[in-house]
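A look at the structure
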Amino acid sequence: FIKLRKADKITCYEYASALASRATYYRHMNQFMYWDVFPDQMEKFLKDAQALDEKARTEGVASIGPLYCLPVPQKGTMATKEYPSSAGVGLLHSYYATDDADAVVPG
């Protein structure tokens, strides 16, 4: 994927759409645990991909490196402001952190 994205042969949105489609189709496998409290998470994922495509258009494809919009799933134990972060505790299932964990903040 990264080779194709660097060559501008595929967009972030195209790749994200394929992933979102599969995630939605296989939703019953519970690969993302917040379908109940964040049912529009795939739409957010796609909007994020569109934003990266726009950045690549205006600033050049190198501006979205080194992963070139390759999504990296993270466990609910990594606190994020944009997604629920339960830390594996049922009581925190719909909790949104006030700050992002260092592991998810871009360098």
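Everything that follows concerns the structure shown earlier in this document.
Residues numbered from 1 in each chain as written. Predicted model: local features only at pLDDT ≥ 70, side-chain atom pairs only at ≥ 80, totals over all residues. Heavy atoms only, no water.

Observations concerning helix α3 (residues 41-59)
Under the convention used in this document: Secondary structure elements are taken from DSSP: a helix is a run of H or I of four residues or more, a strand is a run of E of two residues or more, and numbering for both begins at the N terminus. What a helix is expected to span follows from its residue count: subtract one and scale by 1.5 Å. Here the term buried applies to any residue with accessible area under 20% of the maximum for its type, exposed to any over 50%, and partly exposed to those in between, with areas from a 1.4 Å probe on protein chains only. Contacts are residue-level and defined by heavy atoms, with any inter-residue pair within 4.5 Å sufficient.
Over its 19 residues, α3 extends 27 Å from the first C-alpha to the last, a length consistent with the 27 Å expected when each residue adds 1.5 Å. All buried positions along α3 are accounted for by Q41, M42, K44, F45, L46, A49, D53 and A56. Those residues of α3 hidden inside the fold are in contact with α1 (2-6) and α2 (12-25). Directly after α3, the chain includes G60, whose backbone phi takes a positive value near 100°.

Looking at the pattern of salt bridges
Operational definition: Definition used for salt bridges: Asp or Glu carboxyl oxygen within 4 Å of a side-chain nitrogen of Lys or Arg.
All chains considered together, the criterion is met by five salt bridges. Where D48 meets K44, a salt bridge forms, and the shortest distance between an N and an O atom there is 2.9 Å. Residue D48 and its partner K44 are both found in helix α3; the two are separated by four residues, about one turn of the helix. Look at D48 and you get partly exposed, because its relative accessible area is 30%. Residue classification places K44 among the buried residues on the basis of a relative accessible area of 19%. Residues K44 and E82 are paired through a salt bridge, measuring 2.4 Å at the closest nitrogen-oxygen approach. With K44 in helix α3 and E82 in the segment after α3, this pair connects stretches of sequence that are 38 residues apart. The class of E82 is partly exposed, set by a relative accessible area of 47%.

In short, shape yes, function no, at least from these values alone.
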